[in-house]
Amino acid sequence: MAREEGRKIAVLGAGAWGTALANLAARGGRAKADSEIVLYARDPDHVAEMAATGVNARRLPGVPLLSNVTPVADLAAAADAEIILAVVPAQALRQLLQQLAPLLEGTPPIVVCAKGIEHGTGRFVTDIVREVLPEHIAAILSGPSFAQDVARGLPTAVTLAARDPNVASALAAIVAGPGFRVYSSSDVRGVEIGGAAKNVLAIASGVAAGRELGASAGAALIARGFAELSRFGRAFEAEAATLMGLSGLGDLVLTCTSPLSRNFSLGLALGRGETIAQATERVGLAEGVFTCGVLVDLASAAGVDMPIANAVDAVLAERITIDEAIAELLARPSKPEG
Ligand SMILES: NC(=O)C1=CN([C@@H]2O[C@H](COP(=O)(O)OP(=O)(O)OC[C@H]3O[C@@H](n4cnc5c(N)ncnc54)[C@H](O)[C@@H]3O)[C@@H](O)[C@H]2O)C=CC1
Ligand SMILES: O=C(CO)COP(=O)(O)O
């Protein structure tokens, strides 16, 4: 990470977020304009389209790729990168890193930009990095940031965490850009938990909006959702300040209130009566759907009460209807707030 010029950054995953981050890395922070950004997509046709048109029309239409962003279909193009941003869905992260491992020439830090918890293993995203690439620094970038907002240059603030605070602040300075403010943290667990849990809770907020339960119910869901997120975080040794910060409360508020969120939109569609199949087909990637079951399993094993997340899980698994879930949540006995 010492080199100041000609930095090579690999962005793995050419979805909406990977594309926005590639452009940001190409123009921003201490990275110079001669920095080389490779943007990896696994589908060669997708790469050919991006190379021919200079736009990722499939995932981030209307946003030209900067001239120093090179779309690539060969993961080996990331082999000599100085920093790697991993921006695939959380459930695809392990497979991607396993493909990458034999190709790497050095030990660049891996900055995970996905939000979720792995099925089957219950692993948080940076744990996956530590398991597959144990020699590398595992960092996490998370916070309230819609790809579309970042791509338009609208002001955004997020958190980048690595266990070593000096590494976190060095990486934050590199990833930061005009309008993209990056705070640093050493609370890796806290940052990754916020991003994973808020997606599940945002589905509940979307359902409430779709059922037209009103602004009061919407606010109550955010506050009680935050109580759940915080209880879960504390059980896994997250710091309270992190949970209250950008990657926790900040991202929860964003995702629970905006139809730009796919998780909120999925809930909205369900609340309006669409089937799960219809809603997922239309909305695309809603990470909360995949994280929900593993989140409630981890919570239950740790003795953490998460009634809203449990309700989302039960609805998505079709164990109960939305109306039954709402009735059950409202029928819970009164208890001290906390
Ligand atoms: N879109 C946004 O505003 C933000 C998204 N994120 C997170 O970033 C992650 C990615 O989200 P998006 O880019 O929005 O999703 P997306 O649905 O736009 O794109 C996901 C991309 O990952 C690719 N992919 C899936 N499996 C892969 C694999 N095994 N190898 C290589 N590529 C693979 C897909 O082909 C697709 O291009 C998610 O965890 C999401 O929560 C985080 C912050 C903001
Ligand atoms: O994480 C995000 C904003 O911070 C994006 O939210 P969705 O994944 O719900 O679209």
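Sequence positions are assigned chain by chain, starting from 1 and proceeding in written order. The naming scheme follows written order: chains are lettered A onward, ligands numbered 1 onward. It should be noted that, the model being predicted, local features are given only for residues of pLDDT at least 70 and side-chain atom pairs only at 80 or more, the latter also being counted only at that level, while totals for whole chains, interfaces and linings use all residues. Heavy atoms throughout the structure, all of them, feed into the side-chain values; hydrogens and water do not.

Caption draft 1: Looking closely at the packing of helix H7 (residues 188–210) against helix H8 (residues 215–235). Relative to each other, H7 and H8 sit at 155 degrees, their axes nearing to 10 Å. With respect to each other, H7 and H8 are oriented roughly antiparallel. Considering only the axes of H7 and H8, their crossing is right-handed. Here H7 contributes Ile193, Gly194, Ala197, Lys198, Leu201, Ala204, Ser205 and Ala208 to the contact with H8, which in turn contributes Leu221, Gly225, Glu228, Leu229, Phe232 and Gly233. Ten residue types, Ala, Val, Leu, Ile, Met, Phe, Trp, Tyr, Cys and Pro, are classed as nonpolar, four, Asp, Glu, Lys and Arg, as charged, and the remainder, Gly among them, as polar. Across the contact of H7 with H8, the residue classes tally to 8 nonpolar, 4 polar and 2 charged. All axes are obtained by fitting lines to C-alpha atoms, using only the stretch in contact for helices, and the reported angles, taken between N-to-C directions, cover 0 to 180 degrees. Strands here are runs of E lasting at least two residues and helices are runs of H or I lasting at least four, both read from the DSSP assignment and numbered beginning at the N terminus. The labels follow the angle: roughly parallel below 35 degrees, roughly antiparallel above 145, roughly perpendicular from 65 to 115, and oblique for the rest. Should the near helix be turned anticlockwise from the far one by less than a right angle, the crossing is left-handed, and should it be turned clockwise, the crossing is right-handed. A contact between two residues is defined here by any heavy atoms of the two lying within 4.5 Å.

Caption draft 2: Examining the site of ligand 2 more closely. Near is defined per residue: the residue qualifies when any heavy atom it owns lies within 4 Å of the molecule or strand. The full set of residues close to ligand 2 is Lys115, Gly143, Pro144, Ser145, Phe146, Lys198, Asp251, Leu254, Thr255, Ser261, Arg262 and Asn263. Interatomic distance of 3.0 Å between a backbone N/O atom of Ser145 and an oxygen atom of ligand 2. Contacts to ligand 2 include Arg262, whose backbone N or O atom sits 2.8 Å from an oxygen atom. Using a 1.4 Å probe, accessible areas were evaluated by the Shrake-Rupley method; residue-level cover was limited to the displayed protein chains. Relative to its unbound accessible area of 310 Å², ligand 2 is 92% covered by the protein chains. Of all the elements in the fold, those that place two or more residues in the shell around ligand 2 are helix H10 (246–257) and helix H11 (262–271). Take the shell around ligand 2: its biggest share by element is 3 residues, from H10. Annotation comment: domain bounds sourced from an automatic or database domain assignment. Counting residues domain by domain, the shell around ligand 2 receives three or more from each of domain 1 (8–186) and domain 2 (190–331). Here a polar contact is taken to be a pair of N or O atoms separated by no more than 3.5 Å, where protein atoms must pair a possible hydrogen donor with a possible acceptor and residues adjacent in sequence count only if both atoms sit in side chains.

Caption draft 3: Quick look at the UniProt feature "domain: Glycerol-3-phosphate dehydrogenase NAD-dependent C-terminal" (unreviewed entry) in the protein. UniProt positions are given in the numbering used here, feature names are shortened, and annotations may be inferred rather than shown by experiment. What UniProt calls "domain: Glycerol-3-phosphate dehydrogenase NAD-dependent C-terminal" (unreviewed entry) maps, in this numbering, to residues 187–326. Counted over residues 187–326, helix gives 77% and strand 0%. Its end C-alpha atoms are 34 Å apart.

Caption draft 4: Structural context of the domain arrangement of the protein. Domains assigned within the protein are domain 1 (8–186) and domain 2 (190–331). For domain 1 and domain 2, the distance between their C-alpha centres works out to 25 Å. On the domain 2 side, the residues contacting the 26 residues of domain 1 number 25 residues. The term buried area refers to how much accessible surface (probe radius 1.4 Å) is lost by two components on association, counted for both of them together. Summing both sides of the interface, domain 1 and domain 2 together bury roughly 2000 Å²; the carbon and sulfur share of this comes to 70%. The largest contributions to the domain 1 side of the interface with domain 2 come from Lys115, Phe124 and Phe146, which together make up 32% of the buried area. For this analysis, a salt bridge means a side-chain nitrogen from Lys or Arg found within 4 Å of a carboxyl oxygen belonging to Asp or Glu. Joining domain 1 to domain 2, the criterion identifies 1 salt bridge. The interface formed by domain 1 and domain 2 includes 6 residue pairs in polar contact (both at pLDDT 80 or more). For the side of domain 1 that touches domain 2, the secondary-structure elements that each account for two or more residues are helix H4 (125–132), strand S6 (138–142), helix H5 (147–151), strand S7 (156–161) and strand S8 (180–185). At 4 residues, S7 tops the list of elements feeding residues into the side of domain 1 that touches domain 2. The residue makeup of the side of domain 1 that touches domain 2, split by class, is 12 nonpolar, 11 polar and 3 charged.

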